Amino acid sequence: MLIAYILTGLLFLLLPGTFLGVWNLISISSRHALDSLSPAWIQAHGHAQIFGWIGTFILGIGFYSLTKMGRLPTFAIPRGWTCFALWTAGITLRWFEGVVGWQWRILLPFSAFLELAGFILFFQTVSGHRPAAPVDAHAAVSRKPWMFLVIGSTFGFLVTLVMNLIATLQVSIDNTGPALSHVPDQRLITVATWGFLVPAVWGFNARWLPVFLGLGQPRPRFLFLAFGLAWAAILAEFFGRLTWFAALLPFAALSAVLALHIAEPSIQPAKITGVHPSFPFFVRLAYAWLLIAGALSVRASWSDVSGGIWGASRHALTVGFLSTMVFTIGQRILPAFCGARVLYSSRLMLASLSALTIGCALRVASEIPAYEANVRIAWHVLPCSAVIELLAVALFAANLALTLLQPPAHLRSTVAIS
Ligand code: HEM
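Residues numbered from 1 in each chain as written. Predicted model: local features only at pLDDT ≥ 70, side-chain atom pairs only at ≥ 80, totals over all residues. Heavy atoms only, no water.

## Remarks on the overall build of the chain
Put simply, the rule reads: By the criteria applied, helices consist of DSSP H or I runs no shorter than four residues and strands consist of E runs no shorter than two, each listed in order from the N terminus. When we talk radius of gyration, it's over C-alpha atoms, and the globule rule is simply 2.2 Å times the number of residues to the 0.38. A simple rule labels every residue: compare its accessible area, found with a 1.4 Å probe on the protein chains alone, to the largest value its type can have, and call it buried under 20%, exposed over 50%, or partly exposed in between. Residues are treated as being in contact if the distance between any of their heavy atoms lies within 4.5 Å. Under the convention used here, a 1.4 Å probe and the Shrake-Rupley method define accessible areas, while residue burial counts only the protein chains that appear. Positive charges come from Lys and Arg, negative ones from Asp and Glu, while His and the chain ends are left out of the count. Where a charge lies is defined by one atom per residue type, namely NZ (Lys), CZ (Arg), CG (Asp) and CD (Glu).
Counting its secondary structure elements, the chain contains 13 helices and 0 strands. Ordered by position from the N terminus, the helices and strands of the chain form the series α-α-α-α-α-α-α-α-α-α-α-α-α. Relative to its length of 418 residues, the chain is compact, with a C-alpha radius of gyration of 21 Å against a globular reference of 22 Å. When its C-alpha atoms are laid out on the principal axes, the chain stretches across 60 × 50 × 45 Å. Per-residue burial over the chain gives 53% buried out of 418 residues. Once local pairs closer than 6 in sequence are excluded, the contacts in the chain between residues at least 24 apart make up 82%. Just so you have it, the chain exposes about 18300 Å², and 71% of that area is on carbon and sulfur atoms. Once the 24 positive and 12 negative side-chain charges of the chain are each reduced to a mean point, those two points are 14 Å apart.

Printed below as a string of structure tokens:
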């Protein structure tokens, strides 16, 4: 079941997500203006990336985590498949309505309803299940900070899906077209990123980076501070305080860096068996992108006119931080989670991460001069950045798909012996 979730997530990443993103960017670049493109297409791309790709991965890993908690309840597997059906139908329908707009007044809110129903089924299954064996008191205390963040991010996930349902019902009742209006759309993206995905990464990093990178145990106070600042920023945006919203984000990012010892040397050797030795470098680089995203948001709140600085900040966050993190940690853990497999190629891993970094750097650097100052050369760089990012995504997807399609390591050695 986890393999089905991962392969479906990869499919959403490749076609509805990245391919449409590249298409959008090429259209914007050829017309030299962001507002020349349909907002419904831009939103269809963003939704496919955040929910179709990363959301599907998270749901699959969440169901998988039940198997690590001792006895697997019998109802978990059928519920996992029902959730899969509801979720993927909702995401596909949402993308279709954004691009085609057929019967959107009914089907757009219906897609949001399907997504929420799938999530609630997931939430009921995962939250109702407790570890089989009692944990000792020390383990319970030391697990709290990362669990707090994971639970907090799950709450953010729920809030995002409820907001999405309300926003789609609103456009349907008002009959304003299949695109959400600007303010609800921006709020939705803020909660989806800073309230759901970013704290989820911090939580899982707090759990795993001491093991994978040999970093010190997380500092709980800074971790909670990072989480609190991210939600304070979200609330500031909701109350229309854009300067406060932007000013809080770099502090949230910095607190997370301090909490997780990202800028400090490892105290144990990193565990890089089966992945490329550059793995620790790219995890740290992701946090550099998070800081850049925060800093750019401050500049955007002062001087953005045409969406270029906000766009660069969002791209530093979604591609620089989130995608780099999913590329690194995903290729580290998913082969093992999906039946003790070994990553197909560590060189492909390096190639995908290098292309992602180059593409993202070109995009973030050229989006501001292109959108804000109409600099000619920057408009030519943007489509190149998109194609390099598409290459990165294709390499990542191919490496994971090839890993999952080959038999697990122990069966491969049996086949080789026979
Ligand atoms: C492969 C590379 C990608 C390309 C070429 C791309 C392209 C674009 C473009 C052209 C826009 C329109 C606004 C702007 O110009 O800044 C946009 C918006 C957006 N992108 Fe991407 N993108 C990519 C990857 C991603 C990823 C990986 C994510 C999330 C994980 C993401 C999430 C978003 C979101 C949330 C929006 C805003 C949507 C909205 O306004 O509702 N993008 N992207």
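After that view, the rundown keeps rolling.
## Examining unusual backbone geometry
Even without a glycine there, the phi angle at His32 is positive, about 55 degrees. Summarising the element assignment, His32 is placed in the loop between α1 (2-31) and α2 (39-67). Since its relative accessible area comes to 34%, His32 is described here as partly exposed. If you check the backbone angles, Gln103 has positive phi at about 50 degrees while not being a glycine. You can see Gln103 is positioned in the loop between α3 (76-99) and α4 (104-127). With a relative accessible area of 45%, Gln103 lands in the partly exposed category.

## Brief notes about a nonpolar patch on the surface
The condition is simple: To count toward a patch, a residue needs a relative accessible area above 30% and no salt bridge. Like charges then connect within 9 Å, nonpolar side chains (Val, Leu, Ile, Met, Phe, Trp, Tyr) within 5 Å. Basic side-chain nitrogens of Lys or Arg form a salt bridge, by our definition, when they fall within 4 Å of a carboxyl oxygen of Asp or Glu.
On the surface, a cluster of nonpolar side chains totalling about 370 Å² of accessible area is made up of Phe222, Leu225, Leu254, Leu258 and Leu291. When contributions to the nonpolar patch are tallied by element, the ones reaching two or more residues are α7 (220-238) and α8 (242-259). Tracing the backbone through its elements, the reader meets Leu225 in helix α7. Residue Leu225 is classed as partly exposed on the basis of its relative accessible area of 41%.

## Some thoughts on the nonpolar core
In globular proteins that are soluble, nonpolar side chains generally tend to be buried together. Counted only if it meets this: What makes a nonpolar core is a set of buried Ala, Val, Leu, Ile, Met, Phe, Trp, Tyr and Cys residues whose side-chain atoms join them at distances within 4.5 Å.
Judged by nonpolar contacts, the single largest core of 110 residues is most densely connected at Ile6, Phe57, Trp194, Trp202, Tyr287, Phe321 and Phe396. No other element matches helix α10 (residues 308-337), which puts 13 residues into this core. Once you skip the residues sitting within four places of it in the chain, Ile6 turns out to touch Phe57, Leu334, Cys338, Leu400 and Leu404. Among the nonpolar cores identified, the runner-up in size contains 10 residues, and Val22, Leu25, Ala378 and Ala386 belong to it.

## Quick notes on the site of the ligand
Convention followed: It suffices for a single heavy atom of a residue to lie within 4 Å of a molecule or strand for the residue to be listed as near it. Here a polar contact is recorded for every N or O atom pair within 3.5 Å, except that within protein the pair must consist of a potential hydrogen donor and a potential acceptor, and residues adjacent in sequence are included only if both atoms are side-chain atoms. As a working rule, the residues Ala, Val, Leu, Ile, Met, Phe, Trp, Tyr, Cys and Pro are called nonpolar, Asp, Glu, Lys and Arg charged, and the rest polar, with Gly in that last group.
Close to the ligand lie 26 residues, the nearest being His45, Asp185, Glu367, Tyr371 and Glu389. Contacts to the ligand include Asp185, whose side-chain N or O atom sits 2.9 Å from an oxygen atom. Here an oxygen atom of the ligand and a side-chain polar atom of Glu367 are 2.7 Å apart. Within the residue set of the shell around the ligand, elements represented by two or more residues are α1, α2, α6 (182-212), α10, α11 (346-373) and α12 (376-405). Looking at the shell around the ligand element by element, the count peaks at 7 residues for α2. Of the residues assigned to the shell around the ligand, the class counts are 11 nonpolar, 10 polar and 5 charged.

## Points about the side chain of Ser278
Examined against the element boundaries, Ser278 turns out to sit in the loop between α8 and α9 (279-303). When its relative accessible area of 14% is taken as the criterion, Ser278 is described as buried. A polar atom in the side chain of Ser278 sits 2.9 Å from the side chain of His276.

## A word on the confidence of the model for the chain
As a reminder, the rule being used: A residue's pLDDT is simply how confident the predictor is in it, with values from 0 to 100.
On average, residues of the chain score 92 in pLDDT, and 94% of them are at 70 or above. The spread of mean pLDDT over the elements of the chain runs between helix α13 (residues 409-417), the lowest at 60, and α8, the highest at 98.

## Let's talk about the packing of α2 against α6
Test applied: Where helices are involved, their axes are fitted lines through C-alpha atoms of the stretch in contact, as for all axes, and angles between N-to-C directions lie from 0 to 180°. Angle categories are assigned with fixed cut-offs, so that under 35 degrees is roughly parallel, over 145 is roughly antiparallel, 65 to 115 is roughly perpendicular, and the rest are oblique. Two helices cross in a left-handed way if the nearer one is turned anticlockwise from the farther one by less than a right angle. They cross in a right-handed way if the turn is clockwise.
Their axes nearest at 12 Å, the elements α2 and α6 cross at an angle of 25 degrees. By the criterion of interaxial angle, the relationship of α2 to α6 is roughly parallel. For α2 against α6, the interelement crossing comes out left-handed. Where α2 approaches α6, its residues Gln43, Ile50, Phe51, Ile54 and Ile58 are matched on the opposing element by Asp185, Ala192, Thr193, Phe196 and Leu197. Among the residues forming the contact of α2 with α6, the class breakdown is 7 nonpolar, 2 polar and 1 charged.

## Section: the packing of aromatic side chains
Defined as follows: What counts as a ring pair is set by centres within 6.5 Å for rings of Phe, Tyr and Trp (its six-membered ring), and what kind of pair is set by the plane angle: stacked under 30 degrees, edge-to-face over 60, tilted for all other angles. In this scheme, the term charge over a ring applies when either NZ of a lysine or CZ of an arginine sits within 6 Å of the ring centre and within 35 degrees of the ring normal.
Within the structure shown, the criterion is met by 25 aromatic pairs. With centroids separated by 5.6 Å and ring planes inclined at 85 degrees, the aromatic side chains of Trp81 and Phe84 adopt a geometry described as edge-to-face. Highlighted residues: Trp81 and Phe84, both in helix α3, separated by 3 residues, approximately one helical turn. The class of Phe84 is buried, set by a relative accessible area of 16%. Their ring planes at 80 degrees and their centres at 4.9 Å tell us that Phe148 and Phe224 sit as a pair that is edge-to-face. Here Phe148 is found in helix α5 (residues 137-174), whereas its partner Phe224 is found in helix α7, with 76 residues between them in sequence. On the basis of relative accessible area, Phe148 is assigned to the partly exposed category, the value being 41%. A relative accessible area of 35% means that Phe224 is categorised as partly exposed. Clustering of aromatic rings is evident, with ring pairs tying together Tyr5, Phe63, Trp81, Phe84, Trp87, Phe119, Phe122, Phe123, Phe157 and Phe196. The ring of Phe238 has Arg187 lying over it, and the distance from NZ or CZ to the ring centre is 5.3 Å. We note Arg207 situated over the ring of Trp208; from NZ or CZ to the ring centre the distance is 4.3 Å.

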